[in-house]
Amino acid sequence: MIPVMRPWFGEEEAQAAAAAVASGWVSQGPRVREFEEAFAAAIGVRHAVAVSSCTTALHLALIAAGAGPGDEVIVPSLSFIATANAVRYVGARPVFADVDLATQNLVPGTVRPHLTGRTRAVILVDQAGAPADLDALRALCDPLRVTVIEDAACAAGSRYRARPVGAGAALAAYSFHPRKLLTTGEGGMITTGDGSVAARLRRLREHGMDISAADRHRSQQPVIEHYTEVGFNYRMTDIQAAIGLVQLRKLPQMVARRRELARRYQEQLSGIPGLLTADDPGYGETNYQSFWMLLPDESAVGRDELMRLLAEDGISARRGIMAAHLEPAYAGDTPNLPVTERLTRHSLILPLFHEMTQAQQDHVVSAVTSALTKSRPEISVPAR
Ligand SMILES: *Cc1c(COP(=O)(O)O)cnc(C)c1O
C-alpha cells in the first residue's frame, strides 16, 4: 500500500534519542529547553512552551485566554475533533462556524454572525497546513477583546504574509503527531510573545509548580517548591525533544519536497473538470500537510467509492477533514454549515510524504484520473 503519510526519520533521530537515554535525564529537561529555544527562533516569537500534544496545548491556551464556564468559543466544526474538545475541557461552549471553501478556514464573514457578549475566544485553524487570514480575523476580534488562538497543529513550516505561521498570534498551538510534518511521536508546542503568559503556561504544564523539576535538580541549595494553582502533567520528555531538534532542522527540506509533490499533483489533476485541490491562498504558503481534493458535484463516482477503488489499487487515501458537529459527541448541536458539510462529505486526502517517489505519485494520479474520467462500468449480472 502507498501510505497517506510517513514520517521522514533517519539515523540522526535514533542517535539523538539514544543520547538522551544515555544522559540519564529522560523527562522534561535540558533538551526540552533547547527545543523550545530553537522552535521560538524558527517561528520568530519570544517564547515557546513544549507540551505533550497539540490537544493539551489548546487546553492550556484556552486557560491562558481566560475561557471558562459560561463562555463561548467560536471554532470551525471542520477540524480534527481536538479543537472543539479543548473548549469543553475548560467548561466553555464551542460554537461552530462555517469555513471558506478554498482554504477550509474560518474567515470574518463566517465568524461575525456568532460573536456575542459571551464570546471569549476564537480558535482559528490553519487547516491541512493552509495559513488562515489571521490579520483579517484580528481586525474583527481585537476591538471586542476576543482572543484569537491559532490552532497551527498542521502548519509548522507554513508561511503567512512572509512570516512563519503563528508568529502574529497571541497564542499559537502546534502538533508533533506523526500525521504532521515535524514529529516527535507525540508532542506539542505553544508560542506567545507575552513573557508572563509563557511563565504561567510553564507552571500549568507541570502541576502548577513554581519551580521546574529540572531547575530544582540543578540547584546547589535545597529548594521547596510551591503549587500556585491547579495544574496538569502535560510535559514533553527529553527523548521527544531530542528527536524534535533534529526534525526541526529538516523542516525546510520537508516543506520544499511537499510543495514540489503538491505542484505535480495540481498539474497532473488539472485536466479533471470541476475538481478543486489544495492550493496556496493569495497571502501565504501552505506546507501541504494534507493534499486534499474536492470532487465536483456532478462526479459519477462518489467519495467513498473512489476511496474503495484507490484501496483496490494499493493506494491509502483518507476522507477529507472531519466535521465535529456530525459526530455523536456533539449530537444535539445542529448548526447550519453548508460549506463544512460539502467539504467533509465530498473531499478526500491523497498520499503525500517526503520519500514518495515520482512512480508512486504517477500511480496515484492515474488511478484517480481513470476512476473519475471513465463512466461508471455497467453492473454485470452473472448468467444463471
Ligand atoms: C492533529 C490536530 C490536533 C491534535 O494534535 P495532537 O498533537 O494529536 O493532540 C488539533 N488540531 C488540529 C487542527 C489537528 O490537525
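J.: Can you walk me through the nonpolar core in this structure?
T.: Buried together is how nonpolar side chains tend to be arranged in soluble globular proteins. Within the largest apolar cluster, 83 residues are counted, with the highest numbers of intra-cluster contacts made by Phe35, Phe39, Leu269 and Met293. Looking at this core element by element, the count peaks at ten residues for helix 9 (residues 238-269). No fewer than three residues from each of domain 1 (11-247) and domain 2 (252-373) sit in this core. One finds Val125, Ile149, Ala153 and Tyr234 within the second-largest nonpolar core, a separate group that totals 37 residues.

J.: What is the right way to read the pairing of strand 1 (residues 47-51) from this model?
T.: On a regular strand, each side chain points to the face opposite its neighbour's, so the side chains alternate between the two faces of the sheet. Among the five residues that make up strand 1, four are buried, leaving the element largely enclosed by the rest of the structure. Two strands pair when backbone bridges link them, and strand 1 and strand 9 (residues 188-192) are joined in this way by five bridges, in the antiparallel orientation. By the bridge assignment for strand 9, Ala48 is matched with Thr191.

J.: Explanation requested: the sheet that holds strand 11 (residues 284-285) in the structure shown.
T.: Strand pairing within a sheet occurs via backbone hydrogen bonds; the two strands may be parallel or antiparallel. If you walk across this open sheet you meet the three strands as 7-6-11, and the pairing is antiparallel. If you trace the sheet from one side to the other, it starts and ends with strand 7 (163-164) and strand 11, each paired once.

J.: I tried to follow the layout of surface pockets on my own but got confused; where do I start?
T.: Empty space among the atoms becomes visible once a probe the size of a water molecule is rolled across them. Each pocket or cavity is described by its volume, and for the largest pocket that value is around 590 Å³. In terms of lining residues, the largest pocket is bounded by 30 residues, among which Phe80, Cys154, Arg179, Lys180 and Gln289 are the most central. Elements with a contribution of two residues or more to the lining of the largest pocket: helix 3 (54-64), helix 4 (82-89) and strand 13 (318-319). Here the element with the most residues in the lining of the largest pocket is helix 3; it accounts for three residues.

J.: Help me understand the site of the ligand in this model?
T.: Near the ligand you find 15 residues, and of these Cys54, Thr55, Asp151, Ser175 and Lys180 are the closest. Between the ligand and Cys54, the relevant distance is 2.9 Å, taken from an oxygen atom to a main-chain nitrogen or oxygen of the residue. Taking 380 Å² as the accessible area of the ligand by itself, protein coverage stands at 91%. The site holding the ligand turns out to be the largest pocket. Sorting the residues of the shell around the ligand by element identifies helix 3 and helix 4 as the ones contributing at least two each.

Scoring rules and cut-offs
- Residues numbered from 1 in each chain as written.
- Predicted model: local features only at pLDDT ≥ 70, side-chain atom pairs only at ≥ 80, totals over all residues.
- Heavy atoms only, no water.
- Core = buried A, V, L, I, M, F, W, Y, C linked by side-chain atoms within 4.5 Å.
- Buried < 20%, exposed > 50% of the residue type's maximum accessible area, 1.4 Å probe, protein only.
- Helix = DSSP H or I, 4+ residues; strand = E, 2+ residues; numbered from the N terminus.
- Domains from an automatic or database assignment.
- Pairing = 2+ DSSP bridges.
- 1 Å grid on protein atoms, 1.4 Å probe; cavity = no way out; pocket = protein on both sides within 12 Å on 5 of 7 lines; lining within 4 Å.
- Points joined across faces, edges and corners; volume = space filled by probe spheres on them.
- Near = heavy atom within 4 Å.
- Polar contact = N/O pair within 3.5 Å; in protein donor to acceptor, adjacent residues only side chain to side chain.
- Areas by Shrake-Rupley, 256 points an atom, 1.4 Å probe, with all protein chains shown as cover.
- Sits in = over half its atoms within 2 Å of the grid points.

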